[in-house]
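Inside the fold
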Amino acid sequence: MLEGKRINLRIIEKDDLEILHQWMNDIRFVGEFSFTRQRSMSEIQKSFSEYSPDIGSFMVEKKDGTKIGVFHHFISKLFSDLVEIGYTIIPDKQGNGYCTEAVEIIVDYLFILKDIHRIQALTFEENIASERVLEKNGFKKEGVIRNIGYSGGKIRNGVLYSIIREEWDGPRILTNVRMD
Ligand SMILES: CC(C)(COP(=O)(O)OP(=O)(O)OC[C@H]1O[C@@H](n2cnc3c(N)ncnc32)[C@H](O)[C@@H]1OP(=O)(O)O)[C@@H](O)C(=O)NCCC(=O)NCCS
């Protein structure tokens, strides 16, 4: 479990799949900028049963155990071998700084865990909340990728963000981890 100040990130387990099934098929949860294809329970079970050391899927929880979102790190589909992050917070818990803290935790975790030089995130151009979360965590905007995907009824541009190891001023949250 990755313990933050107001939230924890806990690896997704079998018991979480029921709520994930509900969330992932709910257009209010995935929001206007995410993938909204409907998925069966067996599809969700299969995707979480295929272990890969390159992928981490976490439940975002408040300290009292309330499940408020999901967080993933994975290998970028655009650029091989680059670590990318993605996240969703349930609508009625958005705007409380939870995703900002989740990104802070995962940046610490990935730079401590892996010999990587950058972490990146790709978001749609109009997704201001996602851009703010990244900027608040020191990610720099690298550029616009035109016509990257179809979402919410239209073709959209993407925006690529990254933080490189030299810019990381951590560990900021996972401070009980020895770095030597
Ligand atoms: C993106 C998302 C995860 C952010 O989660 P969150 O917990 O609400 O994020 P935070 O509260 O930590 O920060 C959000 C920031 O965006 C700002 N924001 C949100 N909507 C905004 C808008 N329309 N215009 C300007 N700023 C906005 C908030 O004010 C806050 O910034 P601040 O702290 O400077 O005030 C959430 O909106 C979400 O789940 N969206 C649907 C899924 C999604 O788009 N995921 C990202 C895919 S790349």
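Remember, it's a predicted structure, so these values are computed and weren't measured experimentally.

This brings us to the overall build of the chain. Each helix and strand counted, the chain has five helices and eight strands in total. When the helices and strands of the chain are listed from N to C terminus, the series reads β-β-α-α-α-β-β-β-α-β-α-β-β. Each of the three principal axes of the chain carries a C-alpha extent, and together these read 45 × 40 × 30 Å. By the burial criterion, 43% of the 180 residues in the chain qualify as buried. Across the chain, the fraction of contacts at a sequence separation of at least 24, relative to all contacts at a separation of at least 6, is 61%. Entry remark: accessible area of the chain is about 10,200 Å², with carbon and sulfur atoms responsible for 50%.

Before going further, it helps to spend a moment on the pairing of strand 8 (residues 154-164). The sheet contact formed by strand 6 (residues 118-124) and strand 8 spans seven bridges and is antiparallel. Each bridged residue has a counterpart across the sheet, and for A121 the counterpart in strand 8 is Y161. Across eight bridges, strand 7 (residues 140-151) lies against strand 8 in antiparallel orientation. The residue of strand 8 that forms the bridge with S151 is K154. Hairpin remark: strand 7 followed by strand 8, antiparallel, with two residues in the connecting loop; positive phi at G152, about 60 degrees.

Moving on, we get to the packing of aromatic side chains. Inspection of every chain in the model, using the stated rule, returns four aromatic pairs. Plain terms: the ring middles of F111 and W168 are 5.3 Å apart, the flat faces sit at 40 degrees to each other, and that makes the pair tilted. Separated by 57 residues along the polypeptide, F111 in helix 4 (residues 98-113) and W168 in the segment after strand 8 bring together distant segments of the chain. The pair formed by F111 and W168 is uniform in burial state, with each residue classed as buried.

Attention shifts here to helix 5 (residues 128-136). Of all the positions in helix 5, only S130, E131, V133 and L134 are classed as buried. For helix 5, the angular spread of the buried residues around the axis is 160 degrees, confining them to a single face. Exposed residues on helix 5 whose side chains face more than 90 degrees from its buried face are I128 and A129. Buried residues along helix 5 sit in contact with strand 5 (83-89), helix 4, strand 6, strand 7 and strand 8.

Spatial strand order, 1-2-3-4-5-6-8-7: eight strands in an open sheet with mixed pairing. At either end of the open sheet lies a strand with only one pairing partner, and these are strand 1 (2-3) and strand 7. In this structure, strand 3 (residues 56-62) lies alongside strand 4 (residues 67-75), joined through six bridges in antiparallel fashion. Paired with V60 across the strands is G69, a residue of strand 4. Sheet strands touched by helix 4: strand 1, strand 2 (7-11), strand 3, strand 4, strand 5, strand 6 and strand 8. Its angle to strand 5, the strand with the most contacts, is close to 155 degrees.

Following the criterion strictly, the structure yields 15 salt bridges and no others. Two residues, R10 and D16, come together in a salt bridge whose shortest N-O distance is 3.0 Å. Accessibility expressed as a relative area gives 19% for R10, which makes it buried. Note on D16: relative accessible area 2%, which makes it buried. Its salt-bridge partner being K67, residue D16 comes within 2.7 Å of it at the nearest N-O pair. You can see D16 sitting in the loop between strand 2 and helix 1 (17-24) and its partner K67 sitting in strand 4, a full 51 residues away along the chain.

Parameters and conventions
- Residues numbered from 1 in each chain as written.
- Predicted model: local features only at pLDDT ≥ 70, side-chain atom pairs only at ≥ 80, totals over all residues.
- Heavy atoms only, no water.
- Helix = DSSP H or I, 4+ residues; strand = E, 2+ residues; numbered from the N terminus.
- Buried < 20%, exposed > 50% of the residue type's maximum accessible area, 1.4 Å probe, protein only.
- Contact = heavy atoms within 4.5 Å.
- Areas by Shrake-Rupley, 256 points an atom, 1.4 Å probe, with all protein chains shown as cover.
- Pairing = 2+ DSSP bridges.
- Phe/Tyr/Trp six-rings, centres within 6.5 Å; stacked < 30°, edge-to-face > 60°.
- Arc of directions from axis to C-beta.
- Axes fitted to C-alpha atoms, helices over the stretch in contact; angles between N-to-C directions.
- Salt bridge = Lys/Arg side-chain N within 4 Å of Asp/Glu carboxyl O.

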